[in-house]
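# A structural walkthrough
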Amino acid sequence: MTNEYANILSALKESGNFRTIPSGNEGPEIIDLSSNDYLGLASKPHLQEEFLSEAHNRLLPFTSSASRLLAASQDEYTRLETLLGELYGRKALLFNSGYHANTGLISSLAQPAGTLIVADKLVHASIIDGIVLSKAPFIRYRHNDLNHLERILQKEAGNYTRILVAAESVYSMDGDRADIEGLIGIKHKYPNVILYIDEAHAFGVEGQNGLGLCRDAAGYDEIDVVVGTFGKACASMGAFCALSPTLKDYAVNRARSFIFSTALPPISVAWTKRMIETFMEMDTERAHLNALGKRLCAILQPLSPSHPVTASHIQPLVLGSSEKALQISARLLDEGFKVLPIRTPTVPPGTERLRISLSASLTFDDIDRFGQALIHSLSES
């Protein structure tokens, strides 16, 4: 009975796409360039000490013991949703993760008959899984190609009651940005479009006070759903969406990942609120992270002439095969840098890569030494 599974695993090993859970015991001397701790908050133990020094926080439950619709206490959830609502100027709803948010929201928003989903080619797997769960027809437009998106809408807008357009503000594998104003401009032309933007890799890092790229957009009110996650720059866990009162009520009643999941632990929710209040004041760290991104881009772009690199807190070095990505990753670890390989199906075949993820806790010297180690590793391959 298990032979087919074993055969699949063998094929993955032969292609260089077999995955194992990293040991995580590299030691403090290793510089981690694989974490999404973009602001370095997760590496600051004094923040935890301060949080737990307050008696109220020490007594918060480590479990909700029920789904949000059944939980006995709502205080911490309400406080965080109220804060997010004030920051985003609309209602907010918490989810257990970005994956839960995207699968639950996309699948439920596309439930009514007459819905078409149009998504950027490189949206995260959680959005794709939400599309699959919705069972709605869908089309994918070429990455960041708004001309292609508009041609699709010109052809299809009259055939559907609503069209859900899904994109990310900062893309997780390339670190490049969507044209938020351009997306808003297209929505203006098609009144049956619902615009859905995932800010997972922008929340905490981009925009005024770290609230992402959407909040600063001139046409922000035209963006129907904004999603952000707490497990990256926010150094916590969970996710949220910011949306209209009607769509919030609809999600509470139709998003299965919200309805049927045990809610986040109250202590985690209180910690998230503290981290948001903390990172809003971290403009210096955001500026430093931006400067680190420019420094790294100057190193990577000459090594990747056929693949444009964006000066961002996420940057790829496309190597073209799983074997080479594994090989260079192992060599870099020997040189003191943890950079994990990204392989198919996370990225399309032929674009296997190293994904370099920066943190504001790094220095310019760290970037320069990594560049030297990378050049040395590539020369030996």
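Before going into details, it helps to say that this report is about the structure given with it.

Each value, and the rule that gives it
- Residues numbered from 1 in each chain as written.
- Predicted model: local features only at pLDDT ≥ 70, side-chain atom pairs only at ≥ 80, totals over all residues.
- Heavy atoms only, no water.
- Helix = DSSP H or I, 4+ residues; strand = E, 2+ residues; numbered from the N terminus.
- 1 Å grid on protein atoms, 1.4 Å probe; cavity = no way out; pocket = protein on both sides within 12 Å on 5 of 7 lines; lining within 4 Å.
- Points joined across faces, edges and corners; volume = space filled by probe spheres on them.
- Nonpolar A, V, L, I, M, F, W, Y, C, P; charged D, E, K, R; others polar.
- Core = buried A, V, L, I, M, F, W, Y, C linked by side-chain atoms within 4.5 Å.
- Buried < 20%, exposed > 50% of the residue type's maximum accessible area, 1.4 Å probe, protein only.
- Contact = heavy atoms within 4.5 Å.
- Phe/Tyr/Trp six-rings, centres within 6.5 Å; stacked < 30°, edge-to-face > 60°.
- Lys NZ or Arg CZ within 6 Å of the ring centre and 35° of its normal.

### A look at the environment of alanine 200
- Within the element layout of this structure, alanine 200 appears in the loop between β6 (193-198) and β7 (225-229).
- Sequence spacing of alanine 200 and proline 305 is 105 residues, and the spatial spacing of their C-alpha atoms is 28 Å.

### Considering the layout of surface pockets
- Each pocket or cavity is described by its volume, and for the largest pocket that value is around 1200 Å³.
- In terms of lining residues, the largest pocket is bounded by 45 residues, among which Met173, Pro341, Ile342, Arg343 and Thr346 are the most central.
- Of all the secondary structure elements, the ones that give two or more residues to the lining of the largest pocket are α6 (125-134), α13 (322-334), β10 (337-338), β11 (341-342) and β12 (353-357).
- Looking at the lining of the largest pocket, the element that brings in the most residues is α13, giving four residues.
- Along the lines of polarity and charge, the residues of the lining of the largest pocket split into 22 nonpolar, 13 polar and ten charged.

### Thoughts on the nonpolar core
- In this structure, Tyr88, Ile276 and Ile356 are the most contacted members of the largest nonpolar core, which totals 115 residues.
- Here this core takes seven residues from helix α11 (residues 266-279), the largest share from any one element.
- Residues contacting isoleucine 356, with those up to four places away along its chain left out, are Leu33, Leu296, Leu300, His313, Ile314, Gln315, Pro316, Leu317, Val339 and Phe370.

### Thoughts on the packing of aromatic side chains
- For the coordinates displayed, the defined rule picks out eight aromatic pairs.
- Ring geometry for phenylalanine 51 against tryptophan 271: centres 5.3 Å apart, planes inclined by 80 degrees, an arrangement best described as edge-to-face. Taken together, the residues phenylalanine 51 in helix α2 (residues 45-52) and tryptophan 271 in helix α11 connect sequence positions 220 residues apart. One exposure class covers both phenylalanine 51 and tryptophan 271, and it is buried.
- Ring geometry for phenylalanine 203 versus phenylalanine 279: centroids 5.2 Å apart, planes at 85 degrees, classification edge-to-face. Pair noted here: phenylalanine 203 is in the loop between β6 and β7 and phenylalanine 279 is in helix α11, with a separation of 76 residues, a long-range link. As far as burial versus exposure is concerned, phenylalanine 203 and phenylalanine 279 are alike and both buried.
- Three or more aromatic residues link up through ring pairs in this structure, and these residues are Tyr88, Phe203, Phe230, Phe240 and Phe279.
- Positioned above the aromatic ring of phenylalanine 18 is the side chain of lysine 13, whose terminal nitrogen or guanidinium carbon lies 4.8 Å from the ring centre.
- In this structure, arginine 90 packs its charged tip against the face of tyrosine 220, placed 4.3 Å from the ring centre.

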